[in-house]
Structure formats: structure tokens, C-alpha cells
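The chain contents come next:
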Amino acid sequence: MKAEWIDPSLLRDFEAEGTDAHRLATIKDGWVERFGRDILVSFKTMAARDRLVLELHLWGAAVGFNFGRIFGRFLPKQYEEREKPRLLFGNAAENLQTTASERHLKFGIDFGAGYSVGLFVDQRENRAYLRRLAPQRLLNCFAYTCSFSVAAAAVGATTVNIDFSKKSLAWGRTNFAFNSLTPTGHQFIADDVLKVLPRLVRRGEKFEAIVLDPPTFSRLRPGKVFRVERDFEELLLMALELATRDGHILLSTNCSALGKQALEVMARYCLKTARRAAKIQHAPALPDFLPGRGASSIWLSLR
């Protein structure tokens, strides 16, 4: 497969809009992403890693793109085999924590925290869409480092963030601070999403926007795991009880078995079950991703 490096004009567009977190290239067995001055090469084979690193240097020299460190991250088949990125080139004494920007919002990046570095660049346009919606209240399920909540809070929303990891939610609070957003009025709940949502339903809480971007697999507590293929439907049914009449719900997943068509089928079934009506909208295309790469996403605009 031919390597697809983004056009220099797109690189300039990203810089003009205040974005330095995006994909640079994609091949069959890997891809290259930028986070500020640092580069993350994700690869399935050593040959793919070496090829992408070589082409990065050649492409960068050709288009005048200067970068700092290069990290490598192996893409295993099994979730349990995931490891944090390793430094391939650069100063090992430099801090592994840094920041990256997306349309002038700042997000913390940590190459030493684990397999994921803190920001999923394939959700960039969904975050932009959420900012355009400007909801009064956002429910962010599986919030991770709360990037969707930062986007919503930047346009005045109050947010409820749920994630089983206290560490991730603390990272989310730091992301609020990076953007001079006070966490006052926002909730950060370290618990099982499937336990918290029924409590919100019983309290009669409502949200103008709800983000459902669950992991493919997550170990919530001893003996309890979340599997997106099995549990997404239950998650959406509860979200429909929490959404306002004209609310919006994002359904997004990186699970290869759940493409946009499968998400639509599930959404239509859940809407019928919940006796709700909605327009289904596809997320905007990502100019730095090849078709079919990145998360599968749809938006429900409820009526």
C-alpha cells in the first residue's frame, strides 16, 4: 500500500487554525500522528515502523516540517498486550509530558502514561461539532481525559464526566486548567458508567448533548468488563432517557465490527424501543485520514 502523507497545504491549514494534533500519514500496517513537536509512529510490524520513520524524515525535509522526538507504539492484536510508546529518536531526558493544541484548545499529552497518550485525534471534528452545538449540559460517558468536555465547557456548557479511572479524570481536570476553565460546576465521577446512568435517570437529570465513545474493551472492576459489541445497546437506551427533546447524542467506536451501518441499525432499534425520533447524521470527514480509517461515528439529533 502506498504511503499517504498529508498535503503541505493541509499542514498549513492546521497550523492556521491553531491545531498541532493530527495524523500525518497512513499505510496498511501503521500510521504517523503529530502531537505538538512530538511524533507518534504506530505500527503492526517492524518493517512498517522503519518505513514510516524513514519517510517521515524525507517528507519533513521536503515540505519544511520540523519536529522533535519520535515515539514508537506497537499495535497488538490483543488488548492485554498493549504497551506504552517507546522513544525512538530524541533526548531521553526530556519530560514525557507535553501539550498539544486543537483549534486553540490545549490538551495534555503523556507518552509515559500508557498505550494512549491523552488525545484521540480522530475525534477532532466531533469535538468541533459539539462546540457548534453549544449545549447547556453535556454528559460525557467514558470521558477518559475529558477532551469533549473541555470543548463543550469552552462554549459555556456544564459537564458531567464519568470514567472508571480516577487518574484519567484527574488528567481531565488538568486539561480544564490548561484552558483557564474552572472545574467548579463540573462533575467528575470515577465509577462504572452502567451503574451511574440509572442513578441519573432516577434523579430526572437531562442533557442537551451526550457523548458515547466507549472503548472496545474495558475492565471496570473485578469480575466486570465492558464489551462494546455486547453493551453499547444498553448504554444508548439509558442515554435516550437522559437526553432532552431536542438533544444530540454521539455514537462512536473504534471496534472493527461496528461500522457506521451497524451503528445506524442499533440506533434505529433503540430509538424505536425508547419511542424517540431522531435524525441520523454522519460525522464530518477527516481530511488527514484515509476513508474507512479512524473511529466510526454518527450523531442522533433528537426530536
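It should be noted that the structure appears before, not after, this text.
Criteria and cut-off values
Residues numbered from 1 in each chain as written. Predicted model: local features only at pLDDT ≥ 70, side-chain atom pairs only at ≥ 80, totals over all residues. Heavy atoms only, no water. Core = buried A, V, L, I, M, F, W, Y, C linked by side-chain atoms within 4.5 Å. Buried < 20%, exposed > 50% of the residue type's maximum accessible area, 1.4 Å probe, protein only. Helix = DSSP H or I, 4+ residues; strand = E, 2+ residues; numbered from the N terminus. Contact = heavy atoms within 4.5 Å. Pairing = 2+ DSSP bridges. Axes fitted to C-alpha atoms, helices over the stretch in contact; angles between N-to-C directions. Salt bridge = Lys/Arg side-chain N within 4 Å of Asp/Glu carboxyl O. Parallel < 35°, antiparallel > 145°, perpendicular 65-115°, else oblique. Left-handed = near helix turned anticlockwise from the far one by under 90°. Nonpolar A, V, L, I, M, F, W, Y, C, P; charged D, E, K, R; others polar. Phe/Tyr/Trp six-rings, centres within 6.5 Å; stacked < 30°, edge-to-face > 60°. Lys NZ or Arg CZ within 6 Å of the ring centre and 35° of its normal. 1 Å grid on protein atoms, 1.4 Å probe; cavity = no way out; pocket = protein on both sides within 12 Å on 5 of 7 lines; lining within 4 Å. Points joined across faces, edges and corners; volume = space filled by probe spheres on them.

S.K.: What is the right way to look at the nonpolar core in this model?
M.R.: When a protein is soluble and globular, its nonpolar side chains tend to lie buried together. Within the largest apolar cluster, 38 residues are counted, with the highest numbers of intra-cluster contacts made by Leu139, Leu197, Leu212, Leu236, Ile249, Leu251 and Leu300. The element contributing the most residues to this core is helix H7 (residues 228-242), with eight residues. Residue contacts for leucine 197: discarding those within four places in its chain leaves Leu139, Cys141, Ile162, Leu235, Met238 and Leu242. Ranked by size, the runner-up nonpolar core spans 23 residues in total, among them Leu40, Phe71, Leu105 and Leu181.

S.K.: In this structure, what is going on with the side chain of serine 147? I would like to understand it.
M.R.: Within the secondary structure, serine 147 is located in helix H4 (residues 147-153). Among the residues examined, serine 147 registers a relative accessible area of 9% and is labelled buried. If we skip the residues at most four places from it in the chain, serine 147 touches Phe107, Leu119 and Arg127.

S.K.: Explanation requested: the sheet that holds strand E17 (residues 296-302) in the structure shown.
M.R.: To summarise the sheet geometry, strands pair through backbone hydrogen bonds and adopt either a parallel or an antiparallel arrangement. With respect to topology, seven strands assemble into an open sheet ordered E11-E10-E9-E12-E15-E17-E16, the strand pairing being mixed. The open sheet has two edge strands, strand E11 (187-190) and strand E16 (278-282), and neither has a second partner. Going across the sheet, the axis of each strand differs from the next one's by a mean of 15 degrees, ignoring polarity. Contacts from helix H5 (residues 166-178) reach strand E10 (158-163) and E11 within the one sheet, and its direction differs from that of E11 by about 165 degrees.

S.K.: Looking at this structure, how should I read the environment of arginine 127?
M.R.: With respect to the helices and strands, the residue arginine 127 is situated in helix H3 (residues 124-133). Its relative accessible area of 1% is what places arginine 127 among the buried residues. For the pair arginine 127 and valine 196, spaced 69 residues apart in sequence, the C-alpha separation works out to 23 Å. Discounting chain neighbours no more than four positions away, the residues touching arginine 127 are Glu102, Leu119, Phe120, Val121, Ser147, Phe148 and Ala151.

S.K.: Help me understand the pattern of salt bridges, please; the structure alone is not making it clear to me.
M.R.: For the structure shown, the criterion picks out 17 salt bridges. Here arginine 51 and glutamate 55 are joined by a salt bridge, their closest N and O atoms 3.1 Å apart. Linking arginine 51 with glutamate 55, this pair stays in helix H2 (residues 46-63), spanning four residues, or about one helical turn. A salt bridge links arginine 69 to glutamate 94, with the shortest nitrogen-to-oxygen separation between them at 3.7 Å.

S.K.: Please explain the sheet that holds strand E5 (residues 70-74) as it appears in this structure.
M.R.: Strand order in this open sheet of six strands is E1-E2-E3-E4-E5-E6, and the pairing throughout is mixed. Lying at the two open borders of the sheet, with one neighbouring strand each, are strand E1 (4-5) and strand E6 (86-89). As paired strands, strand E3 (residues 30-35) and strand E4 (residues 38-43) are joined by six bridges and run antiparallel to one another. Considered in E4, the bridge of valine 32 is made with valine 41.

S.K.: Honestly, the packing of helix H6 (residues 193-202) against H7 in this entry has me stumped. Any pointers?
M.R.: Closest axis-to-axis distance for the H6/H7 pair is 9 Å, and the angle between their directions is 20 degrees. As far as their axial angle goes, H7 and H6 are roughly parallel. As for how H6 packs across H7, the hand of that crossing is left-handed. Packed against H6, whose contacting residues are Val193, Leu194, Leu197, Pro198, Leu200 and Val201, the element H7 presents Asp231, Glu234, Leu235, Met238, Glu241 and Leu242 at the interface. Its residues assigned to classes, the contact of H6 with H7 comprises nine nonpolar, no polar and three charged.

S.K.: I'm lost on the packing of aromatic side chains in this one. Help?
M.R.: Centre distance and the angle of the planes are the two values used to describe a pair of aromatic rings. One pass over the structure, following the stated rule, counts ten aromatic pairs. Plain terms: the ring middles of tryptophan 5 and tryptophan 59 are 5.1 Å apart, the flat faces sit at 25 degrees to each other, and that makes the pair stacked. With tryptophan 5 in strand E1 and tryptophan 59 in helix H2, this pair connects stretches of sequence that are 54 residues apart. Residue classification places tryptophan 5 among the buried positions, given a relative accessible area of 16%. Measuring from ring centre to ring centre gives 5.9 Å for phenylalanine 43 and phenylalanine 74, while their planes differ by 55 degrees; the resulting arrangement is tilted. Pair noted here: phenylalanine 43 is in strand E4 and phenylalanine 74 is in strand E5, with a separation of 31 residues, a long-range link. Among the residues examined, phenylalanine 43 registers a relative accessible area of 6% and is labelled buried. Against the face of phenylalanine 148 rests arginine 127, its NZ or CZ located 5.7 Å from the ring centre.

S.K.: Is there a simple way to think about the layout of surface pockets in this case?
M.R.: One simple way to see leftover space: roll a probe sized like a water molecule over the atoms. The calculated volume of the second largest pocket comes to roughly 280 Å³. What lines the second largest pocket is a set of 17 residues, among which Lys260, Pro284, Leu286, Arg293 and Ala295 lie closest to the centre. Of all the secondary-structure elements, those providing two or more residues to the lining of the second largest pocket are H3 and E17. Residue composition of the lining of the second largest pocket, grouped by class: eight nonpolar, five polar and four charged.

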